[in-house]
Number of protein chains: 4
Amino acid sequence: MNHPTSTPATDPIPNVLAERYASRAMQEIWSAHGRILLERDFWIAVMKAQRDLGVAIPAEAIKDYERVRDDVSLERIKERERVTLHDVKARLEEFSDLASRQFIHLGLTSRDLTENVEQLQVARALKLVQFKAVAALHLLAQRAAEYRDVMLTGRTHNVPAQPTTLGKRLAMFGQELQLAHDRLDNLIARYPVRGLKGAVGTQLDQLTLLGGDTDKVDQLEGRIIKHLGFKAAFGAVGQVYPRSLDFDTVSALHQVGAAAASCATTLRLMAGAGLLTEGFQEGQVGSSAMPHKVNARNCERVCGFSTILSGYVTMTAALAGHQWNEGDVSCSVVRRVALPDAFYAIDGLFETFLTVLRQLEAFPAAIAAENQRNLPFLATTTILMEAVKNGAGRETAHEAIKEHALAAAKALRLGGDADLLARLAGDKRVGLGKKKLTEVLRQNERFVGAAPHQVDAFVAAVAPLVKKHKGAAEYRPGKLL
Amino acid sequence: MNHPTSTPATDPIPNVLAERYASRAMQEIWSAHGRILLERDFWIAVMKAQRDLGVAIPAEAIKDYERVRDDVSLERIKERERVTLHDVKARLEEFSDLASRQFIHLGLTSRDLTENVEQLQVARALKLVQFKAVAALHLLAQRAAEYRDVMLTGRTHNVPAQPTTLGKRLAMFGQELQLAHDRLDNLIARYPVRGLKGAVGTQLDQLTLLGGDTDKVDQLEGRIIKHLGFKAAFGAVGQVYPRSLDFDTVSALHQVGAAAASCATTLRLMAGAGLLTEGFQEGQVGSSAMPHKVNARNCERVCGFSTILSGYVTMTAALAGHQWNEGDVSCSVVRRVALPDAFYAIDGLFETFLTVLRQLEAFPAAIAAENQRNLPFLATTTILMEAVKNGAGRETAHEAIKEHALAAAKALRLGGDADLLARLAGDKRVGLGKKKLTEVLRQNERFVGAAPHQVDAFVAAVAPLVKKHKGAAEYRPGKLL
Amino acid sequence: MNHPTSTPATDPIPNVLAERYASRAMQEIWSAHGRILLERDFWIAVMKAQRDLGVAIPAEAIKDYERVRDDVSLERIKERERVTLHDVKARLEEFSDLASRQFIHLGLTSRDLTENVEQLQVARALKLVQFKAVAALHLLAQRAAEYRDVMLTGRTHNVPAQPTTLGKRLAMFGQELQLAHDRLDNLIARYPVRGLKGAVGTQLDQLTLLGGDTDKVDQLEGRIIKHLGFKAAFGAVGQVYPRSLDFDTVSALHQVGAAAASCATTLRLMAGAGLLTEGFQEGQVGSSAMPHKVNARNCERVCGFSTILSGYVTMTAALAGHQWNEGDVSCSVVRRVALPDAFYAIDGLFETFLTVLRQLEAFPAAIAAENQRNLPFLATTTILMEAVKNGAGRETAHEAIKEHALAAAKALRLGGDADLLARLAGDKRVGLGKKKLTEVLRQNERFVGAAPHQVDAFVAAVAPLVKKHKGAAEYRPGKLL
Amino acid sequence: MNHPTSTPATDPIPNVLAERYASRAMQEIWSAHGRILLERDFWIAVMKAQRDLGVAIPAEAIKDYERVRDDVSLERIKERERVTLHDVKARLEEFSDLASRQFIHLGLTSRDLTENVEQLQVARALKLVQFKAVAALHLLAQRAAEYRDVMLTGRTHNVPAQPTTLGKRLAMFGQELQLAHDRLDNLIARYPVRGLKGAVGTQLDQLTLLGGDTDKVDQLEGRIIKHLGFKAAFGAVGQVYPRSLDFDTVSALHQVGAAAASCATTLRLMAGAGLLTEGFQEGQVGSSAMPHKVNARNCERVCGFSTILSGYVTMTAALAGHQWNEGDVSCSVVRRVALPDAFYAIDGLFETFLTVLRQLEAFPAAIAAENQRNLPFLATTTILMEAVKNGAGRETAHEAIKEHALAAAKALRLGGDADLLARLAGDKRVGLGKKKLTEVLRQNERFVGAAPHQVDAFVAAVAPLVKKHKGAAEYRPGKLL
C-alpha cells in the first residue's frame, strides 16, 4: 500500500450526528464557539468575584476582557494550540492577548475551568432533552386520546393475544417514557458541579490567593456556582469530578431514548402489517419503483439512535470506576466524543420521533380488518359465556369452540379463511346464530377492558408536566434529512 | 470430536457469583426456594382480596393453601416442568395439588404473577444494596476521619502534583459513592410495580371476574400492591413492565459499584508504591515464596466486580427499547441471568470492599517518606513566596528555583537523590537556609489546603444516612473466599 | 431493614445458563469436577516430563498420584479453601495428601497451572461450538433446499419489496452463520496457549529447576503443550496470557450467535404474520386460553441468548487493554463468570436454534396468500414490460399502472381489498386481460431471480464442512425446558 | 427555558476524532469527497461492464460521465438532498445532471451502490490499520531489543514479584499486538463483499436487464468485484450484507487497540514510579507550575481510545443479530457513526502510540535503584541456594531469611530502609558476607531467566511482517495536538 501521510486534510470532516440529525439548539450548546463564550463568561465571573474578595484586579482590566468577549476566532486559537499542544493554554492566551491583560485564570488550574464549563454544557443539554421528552409525552398523550377507543389486536410473542386499543398501546409507550423522564428529572435536580477545587481538589491555590481565608474561598466558590446556575456542588473531589456522573448522565439518556425506541419498534411491526404509516414529509421520495411503499424509515432511525446511545453507555460505564488517584486524562478523549455525541444522538432521536408522532397516520379500516380476522379467536371466552347464558352446556360448548378454533387456525395456515364465526354459528352445540355472534363481537368495549380508562389516566398524568415546560406543547421538530 | 450428548449432568453447576461471593441475605432473595414462597404468598393475597370483593372462593380453600405454603420441593416442581415445559404452570399445579384445591391464579396470567414477584425481589435487593452502600459510606467516613490530617502526595496523571491528605482522598471516593447512593435512593423511592394487568395489560380478566366493575379492579390491584409493599404502580403497561426499568436498576448498581472500584483502583496503586496494605484476613496465605508480599487481591476483585456489572449494563441496555407490541419473552432468559447475577455481583463487591475498608492499614512513615522526596518539588511556589518575603528578587529567585528543580528531577532519573532541598539551600539567589527551608516544608497544614475541612464536611454528610439505616454502622461482611 | 447476615445459605444456587439451557457436553467441560481432572492430568504430565528431563521425582510417586487421580471430593477441597483462602493451594494439597507425596507443582506458579487448564477448557468448548455451528449449517442447508422454490414476499423496512424464496431467505441467514463459522475456525486454528512461563513470564523457576538449561526448558514446555493438544504457544507473556485473547474468543461466540439470532428474529416476524411456526415439542403446553396460539418462544429465546452474549462481550472487552505490568487478578472474577457463562449461553442458543430448525414448519398456502396480496404490487415492472410488448405506449401504461397501484394501496388501508389485478385488467391503457395478467403473475420463477441458484450454491458450500465434522449432521439437540 | 429552534447552525461541527486525532490517510478514506469519487468510479465500472455485456449504453455517455467525475460539490449535493430527503438519489442526480446523461445506476438499487462502496472503505481502512499495527510491532521490537537486558522489577498485583527485563516487558505487549494483528490479517483475507444483488438479494433487476442470462449476471458481478479489489463475495444476501460482519470488523479494531492500551497502561504505572517518560514533543508545554513534571498524557490518550472503541463494539454488537427479513435501515445511522468513528479512533490511537514508542525514554538508573530496593526480596530463593551451597543448613537458613525479609518489609513500611542485604549479611545462620551477597545480586542474568531470549524470538517473529509491509518501518506519525 502507499505510504499513508499525516498532514491535515483540507476538507473538514463533519460530525454526522450533529450535522445531519441534531437541532440547532443542541449544536449551539456543544459548538466550539459556544463553549468559548461560556469559558470567557466564567473567567470574567471569577475575576469579578476575586476582585470583590480583595484580589488586586483593576476594574478596567475586567472591562478590557468584557470588551473582547465576543471576538472569537477558532482559527487563531487552533494556531496557538498547534504551538503549545495545550488547548486550554491556547484559549487563555488568546483571550488575554485580545484584552492585553493578564488577570484571568488567577489561582485556577485548567480543570477549574473545563470541568465547570463542561458540566454547564451537560446541564443545559439535559434540560433540552427534558424539554423534548415532555414534547413527546404531550404528543403521545394527544395521539393516545385520539385513538383511545380504536380497538386493536393486542399481541404477545408477536401473535394475536387479546384486544387492546391503539390509544392504550401508545399510552403504554408513553408511560415508559414517563418513567425515563422521572429519572432524568431527578438527575437534573441533583446534578452537582465540581466548583473551584484546584489541582488536586484541596482548593490550595484559591486559599493562597485569598490569604488563607477559608470563608473567602467558600464565598468565591459560592458566587461561581451561582453564576453557573447550579444548586449543588461537590465538597470533596480531586482534579476532576467523578466520572460515574457522566455514566449517570449518559445512561439516563439511553433510558429516555429506549422508551421512544420501544414505541418505534412496534410502529415498524404495525407498518409491516399495513396497520399504519409513520407518514411522509413533504417532498420526500419513496421507493420510485414502488410508489405505494411507505417505509417506516424514521422509526428505524429512532431505533438506530437508541443503539448508538447504548455504545456511549458502554464508553461512560468504562470510565466509571477507573479513577487513578486525584484523576488523570485517560478519560479526556472519551468524554470529548461520548458526551456531545450522546446528546446529539438523543436530540436527533427526538427530532425524528417527534416527527413520527406528528405525522403518524393509523388505518382504522385495516386495523378493523385485522380484528375481524382475529377477534373470533380472541373472543372465545366471551362466546363461551354467552353460549352458557343462552342455555348451552358449559363442557359441550367449550369442546365445540375449541374444535372450531383449531380447525379455523388450520384453515388459515392452509391459506384459506379462518371463518371461525361461520363455523361457530353453524354449530348447534354452541347455539348462537350468526346474528348474535356478530353482535357479541361488535361490543368492542367488552373486549378492551380498562384500556380507555388507562389512556385517560395517562393523559391526566402528562398534563401538569406539559404545563410546567412552557413551549413543549408547541414545539415543532426541524425538517429531517 | 466425540458426539456431544445432551442428557443432564449429575453434578449441579453452581452460580459462582452467588456461591463464592454473595452474602446469604442476597442469596435468599433470589433463591428458587425463596421465590416460591413469595409466589405462594402472592397467590394467597390475591385469593383473599378476590374473596373479599365477591369472588366465590371458600375460606377453607384459602386455609388449605396456607397450610401447605411451606411444603416446597424443588425436585417435584422440576419434574413437572419437564413434562409441561412451562415453569409457572409447574409451580401452580404443584401448589394446587398440595392443597387439593383449584382457586389460585383466578383471572391471572403467568406474568401477573411473575412480573410482580420479580419486581419484589428487585426491590428487596435494591434495599439490601443501599444498606451496604451506607455501611461503606460509614467506614469511608470513619477512615477519612482517622487519616484526616495525614499529608499525602496527591497525584494527577499518576505523577506527584500537589499535597492532599489520605483522609481527603478517602472522602473523595466516599463522595463518589454518596452520589451513587443518592441515585439509588431515588430509584428505590420511585420504583413502580406492574400490578395485575392481565395478558395484554387491559385488566380484562380481572374485570370479567369482578363483573365489569372497574372500582373493584382498582381495589384488588391496590390491595396487592400494598401486600407487595410498593408505593407506586404502572397505570398503562402491556404483558410486561417496560424493560428500561431493568436498565434503570442495573445501571444504578454499576454506578454504585464504580465508586468502590475507583477507590480500589487507587488503593492498588498505593499498595504498589508501598504506602498501604489492604490487609490480610486471618489464615490467609500470601505468596509462599515471598512471605512479605501483600497483594491488593481484594481491591483487584472489587474492580473485577465492577467490570462484571458493566456487562450486565450492556445486557439490560440491549433489552431497553426492544419491546414488541404488548411484550414478548425474548427478554426472559436475559433477565433470568442479568438481574440476579448483577445483584450477586454488587453484593460480592460490597462484601469485599467492606472487608478492605475494615482491614486497610496505611503506612504513615512510608507516606511521609514519599512526601519528603516530592515535597520540595510540590512546594516550589511556597518557597518562592518565602524567598521574596525574605528579600530575594522575584525573577531571580524564580529562575534559581526552576534551575534546581530541573536539575533535581534529572538527578532522580539518573538514579540519584533529588536532594532539591540541599540544592536550594545552597543558592544565595534564593536566600533561605536549610533550616528555614526545612521549617517551611514542615508546615503541612500549609500545603494541604482545605483537605481536612472537606473531610469534616463529608463525615457530617454521612452521619444522618447512617443513622437512618439501622445496623449499617455495625454490619460485618462475611469471611471472604 | 433486618440486619443481613453473611453465613452461607443451605440451598446451592444453580447456574441457570448451565442448568436450564446448556448441554451435558458443555457442562462437563466447565464443571468443577471436570476441571480438577484436567488439572491433575496436567500435574502428572509435568511430573513425567520433569522426571524424564532429570528432576529427581521417583516413578512410584507419579504412580501414587495416578492412583488417586479420580478421587475427587469437591467438599473436601472447599473445606481446605475456607482455611487457606487460596483455591489452587487447596486443590494442590488435596491431591498431594491423597497421594501422600510432595512432587507435583515443582517450579510451577498457580498460573502455570490455571492459565493452561483454562485455555484447554476454552479450546475444547470452542470446538464444541464449532460442531454445533456446523450442525446448524447442515440443517439450514437442508431446510433451504426443501423450500428452495417456495416463492415468498421479500421485505425491506419490514414492508413487501420484491419476491424471494423461503429457501433463499434461510440460505441468507445460513451464509451469515458461515461467515461467523469461518472466523471461529480461524480462531481455533491460531489459538495460542500460555505454557510454563513462571511467575512473571521469564521461565525462571523451571530454568533453575533444570539447571539453567534453556533447551530442557523448551523441551519441558513442548511436551506440556503437546499434552494439552495445542499447536501454538505464546513466546513472551507475563504472569498471564493477554486477556484480549478472551475478548477474541467471546466476541467470536457473539458473532456466531448473532447469525442464529438474525434468523430467529425473522422467524418471529413470520410467525406473527402467520406464515410459519417454530413448532411444538411433544407435551409442550401452549396458551391454555388460546389453544391455537403458537408462540415463537424458542426463537425469542435464541434472541435472548444473543443479548446475553453481548454482555459478556462487554466484560471481556473491558478486560482487554487493562493489563498492569506482568498481570494481576482484577480479571479473575470476571473470567470465572464470563468465560463459562458465555459458552453456556452459546450452547443453550444452539440447543434451542437446532430445535427450531428441526421443528420449523412453513405454511405454504399462507405464504402464497401473502404473495397474492402483494405480488401485483411487486410485479408492476414486469407488467409494464408485458404491456409495452403487447403494444401499449410506455408512458401511458406507466401512468395507468402507477394510478392503480396508489388506488389499490389506498383501498387496502381503508380496509378493503387491494384488488390491483382487477383494476389493471379493466384498464385499456394497459391492454392486458385478466387471464394474461394472471398468467404473468403465475410465473414465479420470473420473480424470484437467482434465489434458487443461490440456495444451491449455499448447499454446496456447506457440504464439505458437514463432512469434515463427523456426527454434526446427525446431532440431535436435547429436550428443551 | 427558551424554545429551542431547529434551523441549522452556521458553524459546522467537526468530527473530533477525525479532526484532532486521525491521520490524513484515514480522513481521506472516509471523507464525503473521497466517498463520492469511489461511488462515481463504481458507477462507471458498472456501466462499462453492462455495455460490454450488451446493455445499450453509448460509449460517449460513459465518456461524458468520466469527464465530470472530479467535479464534486458537496454543497450542491446537500442542496439536492434537502429536497428529495434521499441521499443516494441526490448524488445520483448530481452526477447525471453534470454529465447530461441518464445511464448510471441501471438495474441497481441504492444498496447495490452503498454497500459495496462502504465495504471498500472498510477494506481500505483495515489495511491502513494493519500497516500501522506493523509499524508499531516494528518499534516494539526495536525498543525491546534496545532494552533486552535491562533488568527490571517485574510486578504482579502491582507489587514486586520477580525480575524481568524492560525489553521482555515490551516484547510481552508486542506479542499481544501480534496476536491481534493475526486476527486482523485473517479478517482482511476473508472479508467478503456484497456485490450486485438487487433490492432483496435475488439479483432480479440485473437478471432482467441482461435478458435473464445468469451467466452474464455472474460476469457482471465478477467484474465489479474485481474493480473493487475484493477476492471473496457473499453468495446469498438480502438488501444488505450481514451486519455481524461490521461487528467482526470493529471487534478486531478493539482487539488491536487493546494491545496498545495494555502497554500504555503499564507505561503510565512506570511513569508514576519515575522509571521512564513517554517523552515530550518539541514545543510541548508541561505543567507551568511544575516544569519537571512529565505527564504520561499520550499513554493516557491511548487508553482513552481503547475505551472509545469498546463503545463502538457495543454498537456493532447490537446490530449483529437484529436483521429483519431481507434487511432494513435501523442500522443506517449506527453505521454512519460507528464505522468511520471506530476507524478514526484506532487511527488516532496508533498515531499516539507510535509517537510514544518513538519518544519513550527509560531511566536505567532509576530502574536499577528500584531493583536494588527490591532485589534482595526477589532473590531470597537464590540466596538460600547459595547459603546451602556454602554449608548452611537448609531449614536454618530458610528461617533466617524469612525472618529478615519480614523485618525488612516492616522497616520499609515504617518509612525506613529495608536494608535486607545488610540484615542478611550480618546473620551467621546465612553465612554469606556482604561481598558475596552483593556479588550474587549483581548476576542479573541469573534473575531474568529466559527474558532476553524471549526478546530475541519476538524480534525474529516481527521481522518478516515488517518486510512484507513496505514503508511500515519508516512510517512517522503526524504531530499530535
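The written sequence of each chain sets the order in which its residues are numbered from 1. Both sets of labels track the order of writing: A upward for chains, 1 upward for ligands. In view of the model being predicted, local features appear only for residues whose pLDDT reaches at least 70, and side-chain atom pairs are presented and counted only at 80 or more, with totals across whole chains, interfaces and linings using the full set of residues.

S.K.: Would you mind showing me how to read the interface of chain B and chain D here?
M.R.: You'll often see interface size given as the accessible area lost when the parts meet. Each side of the interface is counted separately: chain B has 34 residues, and chain D has 34 residues. Labels follow the DSSP assignment, with helices taken as runs of H or I lasting at least four residues and strands as runs of E lasting at least two, numbered in each case from the N terminus. By residue number, the principal contributor to the side of chain B that touches chain D is helix α16 (residues 394–413) of chain B, which donates 6 residues. In the side of chain B that touches chain D, the residues fall into 18 nonpolar, 9 polar and 7 charged. Residues are scored as being in contact if the C-beta atoms we place from backbone atoms lie within 7 Å. All amino acids are sorted into three groups, where Ala, Val, Leu, Ile, Met, Phe, Trp, Tyr, Cys and Pro are nonpolar, Asp, Glu, Lys and Arg are charged, and the leftover types, Gly among them, are polar.

S.K.: Honestly, the packing of helix α11 (residues 244–272) of chain B against helix α13 (residues 332–359) of chain B in this entry has me stumped. Any pointers?
M.R.: Between two packed helices, both the angle of their axes relative to each other and the distance between the axes serve to describe the pair. Residues and elements named next belong to chain B. One can describe the packing of α11 onto α13 by two numbers: an axis separation of 10 Å at closest approach and a directional angle of 30°. One finds that α11 runs roughly parallel with respect to α13. Helix-helix and strand crossings are classified by hand; for α11 and α13 the assignment is left-handed. Where α11 approaches α13, its residues Asp246, Val250, Leu253, Val256, Gly257, Ala260, Ala264 and Leu267 are matched on the opposing element by Arg335, Ala338, Leu339, Ala342, Ile346, Leu349, Phe353 and Val356. In terms of residue class, the contact of α11 with α13 is built from 13 nonpolar, 1 polar and 2 charged. Angular values range over 0 to 180 degrees, each being the angle between N-to-C directions of two axes fitted as lines to C-alpha atoms, with helices fitted over their stretch in contact. With respect to orientation, any angle under 35 degrees is reported as roughly parallel, any angle over 145 as roughly antiparallel, any angle of 65 to 115 as roughly perpendicular, and every other angle as oblique. Crossings are assigned a handedness: left-handed for a near helix turned anticlockwise from the far helix by less than a right angle, right-handed for a clockwise turn.

S.K.: I tried to follow the pairing of strand β2 (residues 159–165) of chain B on my own but got confused; where do I start?
M.R.: Two faces, one strand: in a regular strand the side chains alternate between the faces of the sheet. Residues and elements named next belong to chain B. For β2, the tally of buried residues reaches 7 of 7 residues, placing the bulk of the element in the interior. Paired strands, as defined in this entry, are two strands with at least two bridges between them according to DSSP. Where strand β1 (residues 151–156) and β2 come together, 6 bridges link them in antiparallel fashion. Bridging across to β2, methionine 151 finds its partner in threonine 165. Remark: 2 residues form the turn of the hairpin made by β1 and β2, two consecutive strands paired antiparallel; histidine 157 in that turn has positive phi of roughly 55°. To sort residues by burial, count the other C-beta atoms lying within 10 Å of each one's C-beta; a count of 20 or more means buried, 12 or fewer means exposed, and anything in between means partly exposed. C-beta atoms are built from the backbone.

S.K.: Just to check I follow, could you spell out the relation of the copies chain B and chain A for this structure?
M.R.: Of the two same-sequence chains, chain B is brought onto chain A (RMSD 0.1 Å, axial shift 0.0 Å) by a rotation of 180°. Those values place the two copies in the arrangement expected of a two-fold rotation axis. Interface overlap between copies is the fraction of interface residues in one copy that are interface residues in the other; for chain B against chain A it reaches 100%, indicating a shared surface. Least squares is the method for superposing the copies, and the C-alpha atoms it fits come from residues with pLDDT of at least 70 in both.

S.K.: Is there a simple way to explain helix α10 (residues 214–228) of chain B in this structure?
M.R.: Note that an α-helix has 3.6 residues per turn; residues three or four places apart therefore point the same way. All names here are of chain B. The span you would expect from a helix comes to 1.5 Å times its residue count less one. Taking 1.5 Å of rise per residue, the 15 residues of α10 would be expected to cover 21 Å, and the 21 Å separating its terminal C-alpha atoms lies within 8% of that figure. Those residues of α10 not exposed but buried are Lys216, Val217, Leu220 and Ile224. The buried residues of α10 all sit within an arc of 105° when viewed along its axis, so they share a single face. Away from its buried face, by an angle of more than 90 degrees, α10 presents the exposed residues Asp215 and Lys226. For α10, the secondary structure elements touched by its buried residues are α3 (32–52) and α9 (204–209). Once α10 finishes, glycine 229 follows within two positions and takes phi at roughly 90°, a positive value. Directions from the helix axis toward the C-beta atoms define the arc.

S.K.: What should I look at first to understand the environment of aspartate 419 of chain D in this one?
M.R.: Residue and element names in this part refer to chain D. As for its placement among the helices and strands, aspartate 419 is situated in the loop between α16 (394–413) and α17 (420–425). Sequence separation between aspartate 419 and glutamate 399 is 20 residues; the distance between their C-alpha atoms is 18 Å. Setting aside residues no more than four positions away along its own chain, aspartate 419 makes contact with Ala408 and Ala411.

S.K.: Got a minute to help me understand the domain arrangement of chain A in this structure?
M.R.: All names here are of chain A. A domain assignment, automatic or from a database, supplies the domain bounds used here. Partitioning chain A into structural domains gives domain 1 (29–99) and domain 2 (112–135 + 146–191 + 242–281 + 294–451). Summarising the inter-unit geometry, the C-alpha centres of domain 1 and domain 2 are found 49 Å apart. The interface of domain 1 with domain 2 comprises 7 residues on the first partner and 11 residues on the second. Counting residues per element, the ones that place at least two in the side of domain 1 that touches domain 2 are α2 (24–30) and α3 (32–52). Looking at the side of domain 1 that touches domain 2 residue by residue, the classes come out as 5 nonpolar, no polar and 2 charged.

S.K.: Any chance you could explain the UniProt feature "domain: Adenylosuccinate lyase C-terminal" (unreviewed entry) in chain A here in plain terms?
M.R.: UniProt's feature table lists "domain: Adenylosuccinate lyase C-terminal" (unreviewed entry) at residues 375–459 of chain A, given in the numbering used throughout. Across residues 375–459 of chain A, helical content stands at 73% and strand content at 0%; the span's end C-alpha atoms are separated by 28 Å. UniProt positions are given in the numbering used here, feature names are shortened, and annotations may be inferred rather than shown by experiment.

S.K.: Looking at this structure, I do not really get the interface of chain B and chain A. What am I missing?
M.R.: Facing the 76 residues of chain B at the interface are 76 residues of chain A. For the side of chain B that touches chain A, the secondary-structure elements that each account for two or more residues are β1, β2, α8 (166–190), α9, α10, α11, α12 (297–319) and α20 (451–468) of chain B. Considering every element that reaches the side of chain B that touches chain A, the biggest residue donor is α11 of chain B, with 15 residues. In the side of chain B that touches chain A, the residues fall into 32 nonpolar, 35 polar and 9 charged.

S.K.: What should I look at first to understand the relation of the copies chain B and chain D in this one?
M.R.: Each of the two chain copies goes to the other by way of a rotation about an axis and a shift along it. Rotating chain B by 180° and translating it 0.0 Å along the rotation axis places it on chain D, where the RMSD comes to 0.1 Å. Residue by residue, 100% of the interface of chain B is reproduced at the interface of chain D, so both copies engage with the same surface.

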